Structures are given as C-alpha cells and as structure tokens.
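Architecture at a glance
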Amino acid sequence: MVEYVYDVAHGLQETDWLEWKSRYDLTKGAGRAATAKQILGFANRTPDVAARNAGGYAYLLLGVEPGTYHGMPVHDPADVETWLRPYVGDKVLYDIDYVTAGGKNVLFITVDPAQWGDDIHSMRREGVDDEGKSIPLGTVFVRKPGKTDRATAIDVDRLTERARRQGATLALSVEVDASLPALPGNCLDDEFRDRYLAERQRALLAGLPAASVAPSILDGLVLSPNDERRSREEFEASVDDFVEATREAWSRFAIVEAVEQRKPALQFTLVNATDENYEAVQVDLTVPLPYGVVFKSAHEASERLEPPTEPLGWGMHTLSSLVAAIRPTQPDRRELGLSIEPDGARATVVRFAPLHARPRTRHSLGELIVAALPVVVAERVVATWRATSASTRGEVMGQVSFTVEPSPDVPGSVGA
C-alpha cells in the first residue's frame, strides 16, 4: 500500500478510508494532535459506509506521499501509543506499525472498523491541528472523501444515531448438502493404475499410421491448419513420457481426473430466518479434511495439483490446435471472492465471499469440490463455521455435517 501511494502513475486519491501525510513530529504536541485528528475522523465513520472498502478498516500513512518518500523517525510503538492516547481516548482501536520503502521508514496506522453502538469520539485534550489551528477539548472530527473535517450538526446527528443503535443480534445459520460421493475405492490402487495407463497408452497409439511418412520438399513451406506437426517417433516418445510421469504422480492425476469427471461438490447455504438486514456477512468454514482435497472448482484442482498432461492424440497436434492451446484458461466464476487455505496438515479453512443477507432469505455461499478419499467413506464429517457482519457486533458460530458415501469401483478409467 505504501508503494502504491508513492507511485504517482496510479493517480491515487485520498479517500474516506486512506490518508497520507509527508510527516508529523510525534515528539511534539502539535504532531500528536494532528495525528489524533486523523484517527478520530476514521473512527467516527458509520459501519455501513466504512464496510464498503477495506473491510471497514482505515489507514493513515505518515512519511509518504505520491512521488516522495519523506520518512519518519522510528519510535517504539508503545511510546507512540502513550503520546496519542491522551488525545484520542481509550475507546478508539488502532494498530501502529512501521514499513520500510524507498529506503525510508513510513509510520502505518490501522484504525479498526466502526461498530454500531460506538460512542462519538472526540478530542480528549486540546491541541493544534496540521494547519496550525487550535483544537478545543471535545472537538469532534469526521472523515469525508479526501479530508478530515470538524463535525457539522448533521454529522453529530448521524453519530448520535450510531451510538443509539447497538446493532441487531447476529442470528444466522449455515446448511450443507447431506452427503458427498467419495472417490472410487480402487482409483488409487497400483493394480488399477497400471491397467488404466496400459489402456490409455494403447488408445493413444491406436491412431498411428503404419510407418512414418517420408518428408517432402514442401514440408515447412505450406502449412495446412489440419496437418499433424509431430513425427511418429516424437509422438511415441511423448506418450511414453506421459505414462511414466503419470505413474510417478498417480495420486495427483487420479484426484484431478475423478474431480473433473465426477465433480463431487458440496453446496453451502446461508440462512437468515430473522427480520434483520445483515450487511457484508463473512462466513469462514473449517473443514477437517486436508488442503490437498478441497478445491474451489475442478479448474482450481488441476491448477493446484498440476498433474501430468496427456499428449494430444495423433492427428490433433495441428496448427489450429496449437493456436487454441495458447488461449488463457479462465477460472470458474465460483472461484471469485472465495479463498481456501490450509489449517495445519489435516484441516482446511474456507472463506466465502461476503454477501448481504436480507430478511427471511436463503443465500448460496458457494460450492466446494471435495475429493473425499476412500479411507473416509461412511464417516460423518463435521465442519465448523463462524459468521460476522459489518452491520452488527459480535459473531455467531455453529457446525454443519455431511456423510461421505461410497462410490463403486471403476473398471477401466478413473472417473467412468
């Protein structure tokens, strides 16, 4: 973020959640009061407006502006806290960090999101602002796009309403499909692997001509879109390489193959059975299954596991296919806004995209592709979830469970 502010090419403007200053001298009262003014302005936003950007957080950067790293002296964050608290009071929550960029140290202050029920935050000690103007005790500052101003009567009314509203009690639930098909029980066996690879090798080589075609003096001069570009020997070598690579990486290949053909999915639903509107609802789900078997989509499974790629069949490695192959693959739309991270070796944390939960409605959180291994067949998997909302305090937690159902063994291909 510091480098982004510095880069004038972005044409970045200060907003209601981001402010930068060349420097303040925090060892003096004027610098402390000026810094406190900015923090209080961020803290006096309403939760619904603040939640539109950066998850409700706000950032004050001291020591950088577009095109220039001014730098700030590095003080112990505990000292900075001691200097600022007399001005901002004890109820405003913020963090103090230093970031090094361009050979200079930039003070990076993160102000926590405003909450319904928060008091009106005012200056707790008189001082002087960054323009040299006196700041009386009790002055209320509010954040406007690109600047921090003294509150008007309308601003005070808005903050009074914020203080009165304690926020509705968060009351949500999460549901999931009751069952999940496991991978076929024999798909990871060596015997099945060898049979599958033998069948694939025979199928790939079946289309070969009886012998290599003698080269023509016109080869390479006139290209037809339907001309095979490989020799017989090159094609046979690519098939051998594929078979050997797949044998070595069989588990990854088998999982991706089964996922692409079967798409074993779990659908999660957020339920709001109340009369309340919950804005920017964030649901985090912890699934007690390894990161290597939980995916956003079949596309993401292939990208993450990177199984060996089967060569195109004989007669398909043409100019047309080569042109098509360089087109970038687009991710599945379900992947947007959804993140998956490992939680140790045996669990996975899923964060669904935030959504607005209207009263008395059900909302699809999204779909997860889960390659449940045969060893968990007949087990009941219990996942835990946690939900928060930008429009209310607190959180709600719960559990959802599903059963892993067996899939029949497959005779000849991984997902047939």
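Structure: above.
In this text the structure is predicted, and so the values were computed from the model without any measurement. (Residues numbered from 1 in each chain as written. Predicted model: local features only at pLDDT ≥ 70, side-chain atom pairs only at ≥ 80, totals over all residues. Heavy atoms only, no water.)

Some points on the environment of Val174
Mapping Val174 onto the fold places it in strand β11 (residues 173-176). Residue Val174 is classed as buried on the basis of its relative accessible area, which comes to 8%. Once the C-alpha coordinates of Val174 and Ala387 are considered, the two residues, 213 residues apart in sequence, prove to be 9.1 Å apart. With near-sequence residues (within four places) excluded, Val174 lies in contact with Phe268, Thr269, Leu270, Val283, Leu365, Trp385 and Val400. (Helix = DSSP H or I, 4+ residues; strand = E, 2+ residues; numbered from the N terminus. Buried < 20%, exposed > 50% of the residue type's maximum accessible area, 1.4 Å probe, protein only. Contact = heavy atoms within 4.5 Å.)

Brief notes about the side chain of Asp155
Mapped onto the elements of the fold, Asp155 is located in helix α5 (residues 153-164). Those residues in contact with Asp155, other than ones at most four positions away along the chain, are Val142, Lys144 and Arg150.

Thoughts on the environment of Pro77
Checked against the element boundaries, Pro77 lands in helix α4 (residues 77-88). Note on Pro77: relative accessible area 36%, which makes it partly exposed.

Comments concerning the pairing of β11
The two faces of β11 differ: Val174 and Val176 on one face are buried, but Ser173 and Glu175 on the other face are not. When β11 meets strand β13 (residues 265-272), the two strands line up antiparallel, connected through four bridges. Among the inter-strand pairings, Ser173 is bridged to a residue of β13, identified as Val271. (Pairing = 2+ DSSP bridges.)

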